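Residues per chain are reported as follows:
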Amino acid sequence: MNQGSLASFHEYITTDKCRTILALCGAGLSASSGLPTFRGSGGLWKNYSSMDLATPDAFNVDPGLVWQFYSYRRYKAIQAKPNNGHYALSQLSKVAASKGKKFLTLTQNVDGLSRRAHHDPEQLLELHGSLFTLKCTSFDCTYTENNNFKHPLTPQLQGCEEEWINPRKRQRRTENENENENENEDGKDAVISTTGSPEFTPVKEIPRSGLPTCPQCKTGLLRPGVVWFGESLPFKVLDQADQFIMSQKVDLILVIGTSQSVWPAAGYVNRVKLQGGKVAIFNTDEEDLEGCDGWKFLGDAAELLPQALK
Ligand SMILES: CC(C)NC(=O)[C@H](Cc1c[nH]c2ccccc12)NC(=O)[C@H](CCCC/N=C(/NCCC(=O)O)S[C@H]1O[C@H](COP(=O)(O)OP(=O)(O)OC[C@H]2O[C@@H](n3cnc4c(N)ncnc43)[C@H](O)[C@@H]2O)[C@@H](O)[C@H]1O)NC(=O)OCc1ccccc1
């Protein structure tokens, strides 16, 4: 970490010139907790692009496919642990007020790791919802359930944990198959089929009756409580974020592990800049640091944030 910029960052964040701080977080914050990001290989699940599956249309066309995708992500998020980046923001949410500062975290992540790092819930807005909220899809049923960490949600969703066919299991199963094994980015040995492409555990045909169903209206399919592409963010969340930005000048925005490619979330950076606020970016990709006239911290958010916010 460039000590010069760290010193000037510290000099600024500890003075009362910097009274109001906003943090905008993305998938990069949870990367070192072992959760895939949306960009690059992480953006793919069994060759499906995450963004294709994260849409109301995909759910209407094939709810079984979309539930296997979200069951896999729920499982990964349940297995994951908050990292020091989450804890550094959580700590700031606890001490900000005692230092006469206002602080709010806007996270695009639906993995629940900021909450699990005991971030003060009053200073945390999950812009895109949560994997652990379930909502009924019937138009006349408002059933919503939070903090449901049950896995699998139904017996038919068992087996969505592994994205790849685990060779050891397969080895046992099919000794005579001539397959060569190769390492995949999850560090798990992936089976490279004779066609050379990694072999995924097959997507199952799950009948509607095998999917999570509303316990209230008994008929509606439940869906993950996340914001899909083409859907509006929760108005309550948009209002709270607007309240924070408009009730006082935001002096600093921390832009953490995000490609700033999804809207309206990406728009908060510019709104702070238009108020004359300063920007500090934490990212592993030089490209995503470009265009920042504030502090640029290149590296893993889980390592950088504890140093920057201590
Ligand atoms: C793709 C994009 C162009 N499309 C959009 O933005 C669309 C359309 C749109 C709206 N306005 C626009 C304006 C211009 C262009 C397009 C639009 N927006 C919408 O559809 C939004 C809804 C958007 C929300 C979609 N849901 C998600 N998630 C939940 C689901 C799910 O997760 O399954 S978005 C999802 O993708 C985004 C991924 O971005 P990042 O988190 O930044 O992750 P990414 O992988 O891209 O980047 C990771 C970064 O981390 C860095 N990194 C990696 N490792 C580390 C590390 N270790 N440390 C630090 N950094 C690291 C990498 O270098 C990289 O920079 C996140 O927001 C994430 O939540 N809704 C809406 O506009 O509704 C309208 C409306 C209004 C009123 C009434 C009705 C409708």
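Note: the structure precedes this text.
Residues numbered from 1 in each chain as written. Predicted model: local features only at pLDDT ≥ 70, side-chain atom pairs only at ≥ 80, totals over all residues. Heavy atoms only, no water.

**Student:** If you had to explain the pairing of strand 6 (residues 129-136) to someone new, which residues and values would you point to?
**Tutor:** Within strand 6, seven of the eight residues are buried, which leaves the element mostly enclosed by the surrounding structure. As paired elements, strand 6 and strand 10 (residues 222-226) share four bridges and run antiparallel to each other. Across the sheet, Cys 136 pairs through a bridge with Leu 222, a residue of strand 10. Pairing between strand 6 and strand 7 (residues 144-145): two bridges, direction antiparallel. Looking at strand 7, one finds that Leu 134 is bridged to Glu 145. (Buried < 20%, exposed > 50% of the residue type's maximum accessible area, 1.4 Å probe, protein only. Helix = DSSP H or I, 4+ residues; strand = E, 2+ residues; numbered from the N terminus. Pairing = 2+ DSSP bridges.)

**Student:** With reference to specific residues and values, describe the sheet that holds strand 12 (residues 278-283).
**Tutor:** Strand order in the open sheet formed by six strands is 5-4-1-11-12-13, with parallel pairing between adjacent strands. One side of each edge strand has no neighbouring strand; the edge strands of this open sheet are strand 5 (124-126) and strand 13 (295-298). When the angles between neighbouring strand axes are averaged without regard to direction, this sheet yields 15°. Across five bridges, strand 1 (residues 20-25) lies against strand 11 (residues 252-256) in parallel orientation. Looking at strand 11, one finds that Ile 21 is bridged to Leu 252. Most of the contacts of helix 6 (residues 84-95) go to strand 4 (residues 102-107), to which it runs at about 145°, and overall it touches strand 1, strand 4 and strand 11. Against the sheet, helix 11 (residues 301-308) contacts strand 11, strand 12 and strand 13, and its axis sits at roughly 140° relative to strand 12. (Axes fitted to C-alpha atoms, helices over the stretch in contact; angles between N-to-C directions. Contact = heavy atoms within 4.5 Å.)

**Student:** Help me get a handle on the sheet that holds strand 7, residues and values and all.
**Tutor:** Here we have three strands laid out as an open sheet, ordered 7-6-10, and antiparallel in their pairing. Each having just a single partner strand, strand 7 and strand 10 make up the two edges of the open sheet. In the packing of helix 5 (residues 63-79) onto the sheet, the strands contacted are strand 6 and strand 10, and the crossing angle to strand 6 comes to about 135°.

**Student:** Lay out the side chain of Asn 109 with the relevant residues and their values.
**Tutor:** Within the fold, Asn 109 resides in the loop between strand 4 and helix 7 (113-116). Asn 109 sits in the buried class, given a relative accessible area of 9%. Here Ala 27 takes part through its backbone nitrogen, which lies 3.0 Å from a polar atom of the side chain of Asn 109. In contact with Asn 109, not counting residues within four places along its chain, are Cys 25, Gly 26, Ala 27, Leu 29, Ser 30 and Gly 129. (Polar contact = N/O pair within 3.5 Å; in protein donor to acceptor, adjacent residues only side chain to side chain.)

**Student:** So what's going on with the site of the ligand? Which residues, and what values?
**Tutor:** Residues in close proximity to the ligand total 34 residues, the closest being Tyr 70, Arg 73, Gln 108, Ser 259 and Asp 288. One of the side-chain nitrogen or oxygen atoms of Thr 258 is found 2.7 Å away from an oxygen atom of the ligand. Between the ligand and Thr 284, the relevant distance is 3.2 Å, taken from a nitrogen atom to a side-chain nitrogen or oxygen of the residue. For the ligand, whose unbound accessible area comes to 1500 Å², protein coverage reaches 74%. Listing elements by their share of the shell around the ligand, those giving two or more residues are helix 2 (28-31) and helix 5. For the shell around the ligand, the per-class residue count stands at 14 nonpolar, 14 polar and six charged. (Near = heavy atom within 4 Å. Areas by Shrake-Rupley, 256 points an atom, 1.4 Å probe, with all protein chains shown as cover. Nonpolar A, V, L, I, M, F, W, Y, C, P; charged D, E, K, R; others polar.)

**Student:** I'd love a proper account of helix 6, names of residues and values included.
**Tutor:** With twelve residues, helix 6 extends 16 Å between its outermost C-alpha atoms, agreeing within 8% with the 16 Å of an ideal straight helix rising 1.5 Å per residue. By the burial criterion, the buried members of helix 6 are Gly 85, His 86, Ala 88, Leu 89, Ser 90, Leu 92 and Ser 93. Each element contacted by the buried residues of helix 6 is listed here: strand 1, helix 2, strand 4, helix 7, strand 11 and helix 11. The N-capping residue of helix 6, defined by a side-chain oxygen 2.7 Å from the backbone nitrogen of Gly 85, is Asn 83. (Expected span 1.5 Å × (residues − 1).)

None of this, on its own, says anything about what the molecule does.
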